[in-house]
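Here's the letter readout for the chains.
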Amino acid sequence: MPKWIPRAILLAIGAVVLLFVGWWMLRELSTLIVMVFVALFLSLAMEPAVTSLARRGWRRGHATALVLGGVIIGGLIFAAAAGSVVVGQVSDLVDRAPKYVRDFEGFVNDDLGIEWNADKIVKELKTGDALGGLATDTVVSNALDVGVTLAAALLEIVTVLIFAFYMTADGPRMRRTICSRLPQRHQAVVLNTWELAIDKTGGYLYSRGIQALISATLTWAFLVALGVPYGLALGLWVGIVSQFIPTVGTYIAMVLPVVVALAQDPVKALWVLLFLVLYQQFENYVLGPRITKRTMEVHPAIAIGTVFAGGLLLGGVGAVLALPTAAVVQALISTHTTEQEVIEGRLLEEPTRRPSRIARVFRRSRPEPEHQPEG
């Protein structure tokens, strides 16, 4: 047997073992990797504001704490607003449950011709026995699971915030440490990539934040004028969800205000739906292009594809981070590649538009201009 065969066998076994160990570590640390990625995104988004405050004389740690505190306060306000809507709607559902049962009883007995007596259910709903027993059983059986889930989510959020704080507060030193381990020809590439990521991520949040503020304000004003309850909470819901959940966020944001209005009056629900649809058209064709033309220049097809890819890979977090990532990659390609001269071709030109039949008939019906003799 040649001497190199045992060595090759050992190397192959070692490579397989390392591959399985690496895959196991990647699977076990996937949550931590996602948290670090989210923290990096948050750090890139906070970098312009922190740098601006640092140039005005603020210590970088204090500036980071101020900006991060604003992010936390904004998240708490949104959570409180969304929670108030949910609690209010559940309370209204509980209060109106006996009426809904009576309406269903009348429909079954009068329209379907079925004899059904709902007195026992209505009595239990009024006394709270039915919902109270169901709620008690549910809470008792799922209390431990809910507590563990909330504790794990809180721990992940705190970990992300800590990572984001140190990535931003020690940003210059962290970048200097990374560059000190690289050749000088690669340091410029790293710093240029980092700067592009800060610019595109900050631009993404800047444009989305402005649109979310305008959407929330106008929606709140319309709901208050229409007399729909929870106007401020629903306005915040529409503004934030429609802007920060790509592609489908607009449709998700429309559901809750329409449902709340529908509980009061179907006509109000129709008006709310009409307003949200019209505002969406205004945002798509008037407001959005003016705000995002200098911040996020990503082709719609690429945007939709990256959102779905991010959602499939990392779930909701990947869908949210897909657009700034696509913008950074597109900017890197534009920066490090040279645009070439394009050859002439039939497929590269817009086809010549022929006038429609109506236009040709109108052109024929016009009188020919009279010929004026020269001199």
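Structure: above.
In this report, the structure presented in the accompanying data block is examined. (Residues numbered from 1 in each chain as written. Predicted model: local features only at pLDDT ≥ 70, side-chain atom pairs only at ≥ 80, totals over all residues. Heavy atoms only, no water.)

**Some points on the overall build of the chain**
Stated formally: Only DSSP runs of H or I reaching four residues or more are called helices, and only runs of E reaching two or more are called strands; each is numbered from the N terminus. Burial classes follow relative accessibility: with a 1.4 Å probe on protein chains only, a residue under 20% of its type's maximum area counts as buried, one over 50% as exposed, and anything between as partly exposed. Any two residues having at least one pair of non-hydrogen atoms within 4.5 Å are treated as being in contact. For the area figures, the Shrake-Rupley method with a 1.4 Å probe applies, and any residue is considered shielded solely by the protein chains shown.
Secondary structure assignment for the chain yields 13 helices and 0 strands. In sequence order, the secondary structure elements of the chain are arranged as α-α-α-α-α-α-α-α-α-α-α-α-α. Counting all 375 residues of the chain, 27% fall into the buried class. A separation of at least 24 residues holds for 65% of the contacts in the chain among residues at least 6 apart in sequence. Summed over its atoms, the accessible surface of the chain is roughly 26200 Å², and 67% of this surface lies on carbon and sulfur atoms.

**Here's the deal with the nonpolar core**
For the record, the criterion: Here the nonpolar core consists of buried residues drawn from Ala, Val, Leu, Ile, Met, Phe, Trp, Tyr and Cys, with membership extended through side-chain atoms lying within 4.5 Å.
The biggest cluster of nonpolar side chains holds 14 residues, and the ones touching the most others in it are Leu-223, Val-228, Leu-234, Ala-261, Val-272 and Leu-276. Secondary structure elements with two or more residues in this core: α8 (231-244), α9 (249-264) and α10 (266-292). Beyond its immediate sequence surroundings of up to four residues, Val-272 is in contact with Phe-222, Leu-223, Leu-226, Val-228, Pro-257, Val-258 and Ala-261. One finds Ala-39, Leu-53, Val-67 and Ala-164 within the second-largest nonpolar core, a separate group that totals 12 residues.

**Let's talk about a nonpolar patch on the surface**
Definition in use: Residues enter patches when their relative accessible area tops 30% and they take part in no salt bridge; the joining distance is 9 Å for like charges and 5 Å for the nonpolar side chains Val, Leu, Ile, Met, Phe, Trp and Tyr. Salt-bridge detection follows one rule: a side-chain nitrogen of Lys or Arg within 4 Å of a carboxyl oxygen of Asp or Glu.
There is a patch of nonpolar side chains on the surface, built from Ile-9, Ile-13, Val-17, Val-21, Trp-23, Trp-24, Met-25, Leu-26, Leu-29, Leu-32, Ile-33 and Val-36 and spanning about 1100 Å² of accessible area. Only α1 (4-28) and α2 (30-55) provide two or more residues apiece to the nonpolar patch. A residue is classified by how much of its surface remains accessible, and Val-21, at 38% relative accessible area, is partly exposed.

**Quick word on the side chain of Glu-283**
The condition that has to hold: Residues counted as positive are Lys and Arg, residues counted as negative are Asp and Glu, and His and the chain ends are not counted.
Here Glu-283 shows up in helix α10. One buried charge, Glu-283, has no salt-bridge partner; the nearest side chain with opposite charge is Arg-208, at 5.9 Å. Sequence-distant contacts of Glu-283, that is, excluding residues within four places in its chain, are made with Gln-211, Ser-215, Gln-243, Gly-288 and Pro-289.

**Comments concerning α9**
Convention followed: The arc in question is the one spanned by the directions pointing from the helix axis to the C-beta atoms.
Those residues of α9 lying buried are Gly-249, Thr-250, Ala-253, Met-254, Pro-257, Val-258, Val-260 and Ala-261. Along the axis of α9, the buried positions cluster into a sector of 160°, meaning they face one direction only.

**Quick word on the pattern of salt bridges**
Within the structure shown, the criterion is met by 3 salt bridges. Between Arg-60 and Glu-47 there is a salt bridge; the shortest N-O distance is 2.4 Å. You can see Arg-60 sitting in helix α3 (residues 60-111) and its partner Glu-47 sitting in helix α2, a full 13 residues away along the chain. The same class applies to Arg-60 as to Glu-47, namely buried. The shortest N-O distance in the salt bridge between Asp-170 and Arg-173 comes to 3.2 Å.

**Some details on the packing of helix α6 (residues 171-180) against helix α7 (residues 184-226)**
The cut-off we apply is this: Here an angle of 0 to 180 degrees is reported between the N-to-C directions of two axes, which are lines fitted to C-alpha atoms, with helices fitted over the stretch in contact. Oblique is the label for any angle not covered by the other classes, which are roughly parallel (under 35 degrees), roughly antiparallel (over 145) and roughly perpendicular (65 to 115). What makes a crossing left-handed is the near helix being turned counterclockwise from the far one by less than a right angle; a clockwise turn instead makes it right-handed. Each residue gets one of three labels, nonpolar for Ala, Val, Leu, Ile, Met, Phe, Trp, Tyr, Cys and Pro, charged for Asp, Glu, Lys and Arg, and polar for the others, Gly among them.
At their nearest, the axes of α6 and α7 sit 9 Å apart, and the two run at 150° to each other. Taken together, the axes of α6 and α7 lie roughly antiparallel to each other. Of the two possible hands of crossing, α6 and α7 adopt the one that is right-handed. Contacts from Met-174, Arg-175, Ile-178 and Cys-179 in α6 reach Gln-187, Leu-191 and Trp-194 in α7. By residue class, the composition of the contact of α6 with α7 is 5 nonpolar, 1 polar and 1 charged.

**Things to note about the packing of α7 against α8**
The axes of two packed helices give the description: the angle between them and the distance between them. Relative to each other, α7 and α8 sit at 150°, their axes nearing to 7 Å. Between α7 and α8, the angle falls in the class roughly antiparallel. Along this stretch, α7 crosses α8, giving a crossing that reads as right-handed. Here α7 contributes Tyr-204, Leu-205, Arg-208, Gly-209, Gln-211, Ala-212, Ser-215, Ala-216, Thr-219, Trp-220 and Leu-223 to the contact with α8, which in turn contributes Gly-231, Leu-232, Leu-234, Gly-235, Leu-236, Val-238, Gly-239, Ile-240, Ser-242, Gln-243 and Phe-244. Considering only residue class, the contact of α7 with α8 consists of 12 nonpolar, 9 polar and 1 charged.

**Description of the packing of aromatic side chains**
The following threshold applies: Working definition: a ring pair exists when centres of Phe, Tyr or Trp rings (six-membered ring for Trp) sit within 6.5 Å. Plane angles under 30 degrees give stacked, over 60 give edge-to-face, the rest tilted.
Evaluation of the coordinates by the stated rule reveals 4 aromatic pairs. With 4.2 Å between their ring centres and 5° between their planes, Phe-222 and Phe-275 make a pair best called stacked. With Phe-222 in helix α7 and Phe-275 in helix α10, this residue pair connects regions lying 53 residues apart in the sequence. A residue is classified by how much of its surface remains accessible, and Phe-222, at 22% relative accessible area, is partly exposed. Overall, the relative accessible area of 19% leaves Phe-275 in the buried class.

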